[in-house]
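# Architecture and fold: a report
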Amino acid sequence: MSDIRVIIDGREVTVPEGTTILEAAKKANVKIPTLCYLKDVGLKGIKHDIGSCRVCVVEVDGKPDFVSSCNTPAENGMVIKTNTPKVLAARKLNLEMLLSDHHLDCTTCPKNGICELQSLCAELNVRAIRPQGEMKSLPIDDSSPSIIRNPNKCILCQRCITACKVLQTVDALELYGNGFDAVVRPKGGIPLIETQCVNCGQCALVCPTGAIVERDDTWKVWEAIADPSKHVVAQTAPSTHVTIGEAFGLPVGTDITGKMVAALRRLGFDAVFDTNWAADLTIMEEGYELIHRIKNNGVLPQTTSCSPGWIKFAEEFYPDLLPHISSCKSPQQMFGPIAKTFYAEKKKINPENIFVVSVMPCTAKKYEAARPEMNSAAKYWNNPGISRDVDVVLTSRELIRMIREAGIDFANLPDEKYDPIMGEGTGAAQIFGATGGVMEAALRTAYEVVTGKTLPKLDFEDIRGMKGIKEASVNMNGITVKVLVAHSLGLARQLMDKVRAGELKDYHFIEIMACPGGCIGGGGQPIPTTVEERELRINGIYERDKKLPIRKSHENPEIQAIYKEFLGEPLGHKSHQLLHTHYIPRGKNN
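Residues numbered from 1 in each chain as written. Predicted model: local features only at pLDDT ≥ 70, side-chain atom pairs only at ≥ 80, totals over all residues. Heavy atoms only, no water.

Right, let's talk about the packing of helix 6 (residues 218-226) against helix 14 (residues 396-405) for a bit. For the pair helix 6 and helix 14, the least separation of the axes is 10 Å and the interaxial angle reads 55 degrees. Judged by the inter-axis angle, helix 6 sits oblique to helix 14. In the crossing of helix 6 with helix 14, the sense of the turn from one axis to the other is right-handed. Residues T218, V221 and W222 of helix 6 form the contact with helix 14, whose participating residues are E398, M402 and E405. A per-class count over the contact of helix 6 with helix 14 returns 3 nonpolar, 1 polar and 2 charged. (Axes fitted to C-alpha atoms, helices over the stretch in contact; angles between N-to-C directions. Helix = DSSP H or I, 4+ residues; strand = E, 2+ residues; numbered from the N terminus. Parallel < 35°, antiparallel > 145°, perpendicular 65-115°, else oblique. Left-handed = near helix turned anticlockwise from the far one by under 90°. Contact = heavy atoms within 4.5 Å. Nonpolar A, V, L, I, M, F, W, Y, C, P; charged D, E, K, R; others polar.)

Membership of the largest hydrophobic core comes to 57 residues, with the highest contact counts inside it found for V170, I212, W310, F313 and L489. Every element with two or more residues in this core is listed here: helix 4 (159-167), helix 5 (202-206), helix 9 (308-317), strand 16 (479-487), helix 17 (489-500), strand 17 (509-513) and helix 18 (531-547). A278, C328, A344 and V393 belong to the second-largest nonpolar core, a separate cluster that totals 32 residues. (Core = buried A, V, L, I, M, F, W, Y, C linked by side-chain atoms within 4.5 Å. Buried < 20%, exposed > 50% of the residue type's maximum accessible area, 1.4 Å probe, protein only.)

Per the domain assignment, the segments of the chain are domain 1 (3-83), domain 2 (98-215) and domain 3 (218-579). Computed over C-alpha atoms only, the centres of domain 1 and domain 3 are separated by 42 Å. Each side of the interface is counted separately: domain 1 has 5 residues, and domain 3 has 9 residues. Both faces considered, domain 1 and domain 3 share a buried interface measuring about 490 Å² in area, 62% of it formed by carbon and sulfur atoms. Broken down residue by residue, the surface that domain 1 buries against domain 3 is led by G42, L43 and K44, which jointly contribute 81%. Our enumeration of links across domain 1 and domain 3 arrives at 2 salt bridges. A salt bridge links K39 to E532, with the shortest nitrogen-to-oxygen separation between them at 3.2 Å. Its residues assigned to classes, the side of domain 1 that touches domain 3 shows 1 nonpolar, 1 polar and 3 charged. (Domains from an automatic or database assignment. Buried area = accessible area lost by both parts, 1.4 Å probe. Salt bridge = Lys/Arg side-chain N within 4 Å of Asp/Glu carboxyl O.)

Take a look at the structure:
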């Protein structure tokens, strides 16, 4: 491919043939505003550049009309002007056209302060809306336990469709109709809950307005905290340790674990625990399950089960492969029943009064907690008065809103430690927050359990980072255990098609996370969540892993204690009662 030369605002720049005008301008340090354009929809190489909003228009000498710079290739010798009065006026008018039928309830919108449309209006100095369109009044879709759709705020940029169809290959959304009547809706026009939506929230992460947001459950938590009969406990997911801080001005990837614990106590929680503890518990159960399958000719490769978006995806699209999935619940769902059994016994608290709140990176966790089978504590006590194992799931964004609502000076909080019994996590648990982390944590434990030897090197660097499908192998007493890692459901689909075709029979373990980068890129994380931010958050995850005194799950003293005092042994009767689950074939043919 040869290079071409273009002139942008009087500056000559050389770029490879095929480069868009927008990319060429960036190289020339000329900023062109964009709205519908998205460079990387979660993963590098998947971009959204349909040019529908017309905010990035520019003038090109010799062309009679403006062109959208995001999807127009630069041509050799092209002379481009990006900020003439005509261009500026056209951009403003295009923005005003979008606003003319947009519900302007910005002060009460969940995206207030992080809305790209709002920011762009300020940037382009839009102070009036001259065209007066007919205001739409379409019904809000609140059928999903995870996501709320408000089509009245949709600007038809279709980023959500690209995220759902191209990145995740779920294809639950569509553009329907033409002109003023065009809408983005669930396929077939049915409620979102009735589609094959997996609740991953990647659509909400890329939506530039408040058209798709997470369901807000913060009021349930405020009410529980205010109820003197409730003992309200929090658990915080590994990835939140390095993401919450960016909403309060701290560098992306900063470890804010101690500040988050302090903030939760100031919000009024009676006890603050770490989902890392439950992640270590997951490794004990999942690692032993893998060993059991290898030794007993069980179904292989075994796949992980920590990502509820992935689980729903498998139930919808690969119901025939459900026996490959580990029966272990996710760390969130292991924590819940243990809090209402083991912790209740230790603290002599009526489990009916324990209210479990999760702080998660993930909108799908809301769906997971609401699954009818996730009520193991009630079954254990044979007491229908005990509520579901996890009462409320807050995304990172919801906790951020609660901290702001309470007026807490987060950045200047002192570091505080988790409460004991279920508050100690290892480095192995911490890396659950990044793609490849569950696999690496499992290998750290499985190797030492199988061989009885100390693992010579803890870091499995081949399965880290944002690259696509990753693999590694490790020899355990003469058996070469081969593993694969996929992040995003598009990559998961590639692997599962091979499993279905029988092409991965010599592999033992597959980690799948629904979101690009793993939980650090979850649908409930702070906005924006770009590829660059995902990489910085991953760095923060591994930095924290290095600093923790214990880096292997089976060496966690609180995990050793619960097996000694309560569970007995991994895969034992009580473990199966509280920590394991089953899956449901769904999809069109089930």
